[in-house]
Amino acid sequence: EPGDKFYIVEDGKLYAEKGGKKVMEYKSGDYFGELALLKNQPRAASVMVSSSEAKVLSMSRSSFSKMLGPLSNLLAKKANQYR
């Protein structure tokens, strides 16, 4: 699927799964979806809720570019931490 949104975890716990393997965990304050937006690629993983419920904020590609574009180098550096 195309990656067209950036997500920020407001509440709850989630995890990213790739090829049936858990590759990343997320909690309040964490974010995901930036890789697909920064690299203009399809989503690399599926994100699943692991707590009883979760609340995430989403931002469209255009809003992400307008608001976080100047931070793209910082986000790209953090992207290297993904397994």
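Colleague: Summarise the sheet that holds strand β3 (residues 21–26); cite the residues concerned and give the values.
Modeller: Strand order in the open sheet made by the three strands is β3-β2-β5, with antiparallel pairing throughout. The open sheet has two free edges, formed respectively by β3 and β5 (46–49), since each of these has just one partner strand. Taking the axes of each pair of neighbouring strands and ignoring which way they run, one obtains an average angle of 30° across the sheet. As judged from the five bridges shared by strand β2 (residues 14–18) and β3, these two strands associate in the antiparallel manner. Across the sheet, the residue bridging to A16 is M24, located in β3.

Colleague: Account for the packing of aromatic side chains, naming residues and giving values.
Modeller: Inspection of the entire model under this criterion finds four aromatic pairs. Look at F6 and Y31: their rings are 5.6 Å apart centre to centre, the planes differ by 45°, and that puts the pair in the tilted class. Placement of F6 in strand β1 (residues 5–11) and of Y31 in strand β4 (residues 31–32) is noted, with a sequence separation of 25 residues between them. With relative accessibility at 4%, the residue F6 sits in the buried group. Given the relative accessible area of 19%, Y31 is considered buried. Aromatic side chains Y26 and F32 sit 5.0 Å apart centroid to centroid with 40° between the ring planes, which places their arrangement in the tilted category.

What counts, and at which threshold
- Residues numbered from 1 in each chain as written.
- Predicted model: local features only at pLDDT ≥ 70, side-chain atom pairs only at ≥ 80, totals over all residues.
- Heavy atoms only, no water.
- Pairing = 2+ DSSP bridges.
- Helix = DSSP H or I, 4+ residues; strand = E, 2+ residues; numbered from the N terminus.
- Axes fitted to C-alpha atoms, helices over the stretch in contact; angles between N-to-C directions.
- Phe/Tyr/Trp six-rings, centres within 6.5 Å; stacked < 30°, edge-to-face > 60°.
- Buried < 20%, exposed > 50% of the residue type's maximum accessible area, 1.4 Å probe, protein only.

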